[in-house]
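Here is how the chains run, residue by residue.
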Amino acid sequence: MADAIRVSGAVSGTDKTLSFETGKLAQQSQGAVVASLGRTTVLSTANAAKGVRDGIDFFPLTVDVEERAYAAGKIPGAFFRREGRPTEMAILTCRLTDRPLRPAFPDGYRNETQIVLTIIGADQENPHDILSINAASASLMISGIPFEGPIGAVRVAYSTSGEWIPHPTFEESEAATFELVVAGRQLDDGDVAIMMVEAGGTEKSFSYYADGAPKVNEPVLASGLEASKKWIKESIGLQRQLVASVIATKGPIEPLKYTPVLDYTPEVFAAVEGVATTKLAPAVAISLKSARNEAIDAVTAETVAALCGSSEAPGAFAGQEKGVKEAVRSLTKKLVRKRIVEEGMRIDGRGPRDLRPVSSEVGILATAHGTGLFQRGETQVMNVCTLAMPRMNQLLDTLTPETTKRFIHHYNMAPWANGETGRVGSPKRREIGHGALAERALLPVVPSQEDFAYTIRLVSEVMSSNGSTSMGSVCSASLSLMDAGVPIIAPVAGIAMGLVFAEGKYTTLTDILGAEDAFGDMDFKVAGTADAITALQLDTKIEGIPADVLIAALDQAKDARLAILEVMNAALAAPRSEVAETAPKIVSFTIPLDKVGEVIGPKGKVINTIQQETGADIAVSDDGAVGIITIGSPDSVKVNDARERIMAIVQPPTADLGGIYNGRVVSITKFGAFVNILPGRDGLVHISKLGNGKRINNVEDVLELGQEIQVRVDDIDDKGKVSLSPVGEGFESSGEATPREERAPREERASRAPREERAPRAERSDAPDNAVAVSFEDEFESELSGELGDLGPGREAGNRGGGRGRGDDNRRRHR
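A. Representation of the sheet that holds strand 9 (residues 178-186). The strand order across the open sheet formed by eight strands is 8-7-9-10-21-20-18-19, and the pairing between neighbours is antiparallel. Either end of the sheet is taken by a strand with one partner, and the two such strands are strand 8 (164-166) and strand 19 (505-510). Between one strand and the next, the sheet's axes are offset by a mean angle of 20°, whatever the strand orientation. In the sheet, strand 9 pairs with strand 10 (residues 192-201) via nine bridges, with the strands oriented antiparallel. What sits directly across from E179, in strand 10, is G200. This element, helix 2 (residues 129-141), spans strand 7 (152-158), strand 9 and strand 10 of the sheet and lies at about 160° to strand 7. The sheet contacts of helix 8 (residues 321-343) involve strand 18 (493-502) and strand 19, and relative to strand 18 the element is tilted by about 90°.

Given below as structure tokens:
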């Protein structure tokens, strides 16, 4: 087995070590690196095709994440006990890795390239997503695939004391107020060009803020971006050290030979520019998206006809229709950017800082628990909120310590939102990513399940798209939560920003259109409350953004966010005081741990009975210290009824001696029947009290399970056990019960002679003439013989005691 080439380095400010290893695993892969942080381990393989597939007009880069359950010492929970489709965490890691890597490939490179990240070790302390970015970059660096790297990445967590912690553990992240993921590459001057940012507040952010932790605002965020560069440089330096070690051991890395693919030649672009510029200029200034697209399509068709001709009359560029179309698109981009930089005018006539018209509504769907409709220009998103019992929390089967999820946001965008046709059905990676971004923006303001017991699901339906539907989802979801009566800490709004860098000038754009996103140099989304940022996503296409430009862009985004919040507050300024009529009414309370079993009952009998009789949905759990009861129903009367019944079990009411109650038979035994007279309080009616003075053989001859019966409390002993007697129709009344303390004492029995001096029972003269001799022992053992069979030698009824022959001497005389 080949020896591994390994490099490692300490992570500054921590006791962690980052390491890269190659040469031992996946030896046939063009590039294979095993990266480790703590005991979390990722195998990254990078491979590329030798040529370009026919018809490819884009760069076919694929990033896949394969999560192996064995990495965390688990067996998959699926029916086949095998990993299936990628989890949401795996898909988000794919996107997180793809975004900083894709711009680092050279223009014209179209060879199919695949990066596969296999998670082979998960120590439940260190996340694997950031390690995957670094591993992917390292595997590309030693593969020979054309790649302008290395790319370094780091996650930093903002502690409650105001410090940035690099590569935080799951526990450290939970104790922080904010997390920032930053990826970048090092420039020739030593600085780091930021390529990608993904950030968001934690679940307890605002709780920590309330306790005095510093809030994450625009200046704090900018400081985090600057601080992250230190650890990005460390990763980049370690990757370069790995490359040097590979070269020193195996010789130079052979680069992959490829032929750059050009969409069009300079001659084609020059010709298109001469023919189409005067026609495209007014077309790109049309505000309405559909009308603008139609105008541009018309100019494109005219340009193709003019330059390529037809089969009967070929033009100068016959056969290059595809190249001409791409040249028209490039010319469109050039004209849009030129107009922004030189005239300060955007596609729809707005200035760089202008916001499109914004409107908000709530209560759109009568049957929903909460709805919000948000529109910004031609972007329109409707969000629907659904509340449910805690048992609907999502169960997670991942490599992280997280096992459940109670706040869920899903994002849907069908092709018709753009006036197009296409596939519908299961969500694509884009939809999962957009949904996760909006979920991250809202999570910090959602109350904990201890304060608001519901499971919460939000669904954003994109009705129309023209720029930042993900931020539209944030706004509509915030409205939907408040409409549903979820007591969020504060409303959240989001805005998408853009950047154009041309002729040495940076121009920041507020509320970008879809075309401005495609033609610009940065996609920058910020979400937050009026005074704190809750989420951020940034992707750049240029070599870094100066700090002052970034801070100015953040301030400009805040102005737009505050303007949007004003419009949202006009529709609904605060959460409704109660949940909707159609939503379940949920109460949650604790009970002593030793009472949980009583509430559930044998095989769930008690809890199921309460649910059936009240119609409420009841969930019982515990945290190891107390039991937790959660009751839900759309009808609050049912909730209160179920709660009263449970509390009666936990703190049962006491019966009054001599009181008469209407009860129900809940259990039948050989010696009597147990009757429920009060919630959580049963009493015993002995079999001797059921025959109206006559002896009965079976309780079932008189009572049946579930029968209602009127009973009187005859006695309550020191342990709270209740003795009952039946009264009412069909039963003789023996008068009122006398309290134990008021009863006359029993007469003392006369002293008896020693047993050996007593005469045999049959010869005693004190027996009355009409006495009847009976034997309870004979009757009892006769019943046992009938049920169990032969009791053995000397154990027949009437001949017990191993042949001692006591016979009738062992009988009592009863009148």
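B. Structural view of the packing of aromatic side chains. Overall, the coordinates contain twelve aromatic pairs when judged by the stated rule. Judged by centre distance (5.3 Å) and plane angle (55°), the ring pair of F59 and Y109 falls under tilted. With F59 in the loop between strand 4 (40-48) and strand 5 (61-67) and Y109 in the loop between helix 1 (88-101) and strand 6 (113-121), the pair connects residues that are 50 residues apart, well separated along the chain. A relative accessible area of 2% means that Y109 is categorised as buried. Where Y109 meets Y258, the ring centres are 5.2 Å apart and the plane angle is 85°; that geometry is what we call edge-to-face. Remark: Y258 occurs in the loop between helix 5 (218-250) and helix 6 (266-283) and Y109 occurs in the loop between helix 1 and strand 6; sequence separation between them is 149 residues. Judged by its relative accessible area of 28%, Y258 is partly exposed. Positioned above the aromatic ring of F589 is the side chain of R643, whose terminal nitrogen or guanidinium carbon lies 4.5 Å from the ring centre.

C. Examining the pairing of strand 10 more closely. For strand 10, the tally of buried residues reaches ten of ten residues, placing the bulk of the element in the interior. Between the end of strand 9 and the start of strand 10, which pair antiparallel, lie five residues, with G190 showing a positive phi angle near 95°. Direction of pairing for strand 10 relative to strand 21 (residues 533-540): antiparallel, over a ladder of five bridges. Bridge pairing in strand 21 links E198 to Q537.

D. Representation of the sheet that holds strand 28 (residues 708-716) in the model. Taken in spatial order, the five strands of this closed barrel run 25-26-27-29-28, and their pairing is mixed. If you compare each strand with its neighbour and ignore which way they point, the axes differ by 50° on average. Strand direction decides the pairing type here: strand 25 (residues 660-669) and strand 28, joined by five bridges, are antiparallel. Along strand 28, the bridge assignment pairs G663 with I709.

E. Quick peek at unusual backbone geometry. Of the consecutive residues G149 and P150, the connecting peptide bond is found in the cis state with omega at 0°. In this structure, H167 is a non-glycine residue whose phi angle is positive, near 45°. H167 gets classed as buried once you look at its relative accessible area, which sits at 10%. Although it is not a glycine, D511 sits at a positive phi angle of roughly 55°. By the secondary structure assignment, D511 is in the loop between strand 19 and helix 11 (514-519).

F. The environment of A438, seen in detail. Of note, A438 is situated in helix 9 (residues 429-442). Residue class for A438 comes out buried when judged on its relative accessible area of 0%. Between the C-alpha atoms of A438 and A535, which are 97 residues apart in sequence, the distance is 8.1 Å.

G. Molecular detail of the pattern of salt bridges. Under the counting rule described, the total for this entry stands at 38 salt bridges. The salt bridge partner of D98 is R102, with a shortest N-O separation of 2.9 Å. Looking at D98, the relative accessible area reads 16%, which means it is buried. Close ionic contact of D129 with R155 constitutes a salt bridge, the shortest N to O distance being 2.6 Å. You can see D129 sitting in helix 2 and its partner R155 sitting in strand 7, a full 26 residues away along the chain. Each member of the pair D129 and R155 is classed as buried.

Procedures and definitions
- Residues numbered from 1 in each chain as written.
- Predicted model: local features only at pLDDT ≥ 70, side-chain atom pairs only at ≥ 80, totals over all residues.
- Heavy atoms only, no water.
- Pairing = 2+ DSSP bridges.
- Helix = DSSP H or I, 4+ residues; strand = E, 2+ residues; numbered from the N terminus.
- Axes fitted to C-alpha atoms, helices over the stretch in contact; angles between N-to-C directions.
- Contact = heavy atoms within 4.5 Å.
- Phe/Tyr/Trp six-rings, centres within 6.5 Å; stacked < 30°, edge-to-face > 60°.
- Buried < 20%, exposed > 50% of the residue type's maximum accessible area, 1.4 Å probe, protein only.
- Lys NZ or Arg CZ within 6 Å of the ring centre and 35° of its normal.
- Salt bridge = Lys/Arg side-chain N within 4 Å of Asp/Glu carboxyl O.

So far we have only geometry, and geometry alone does not tell us how the molecule works.
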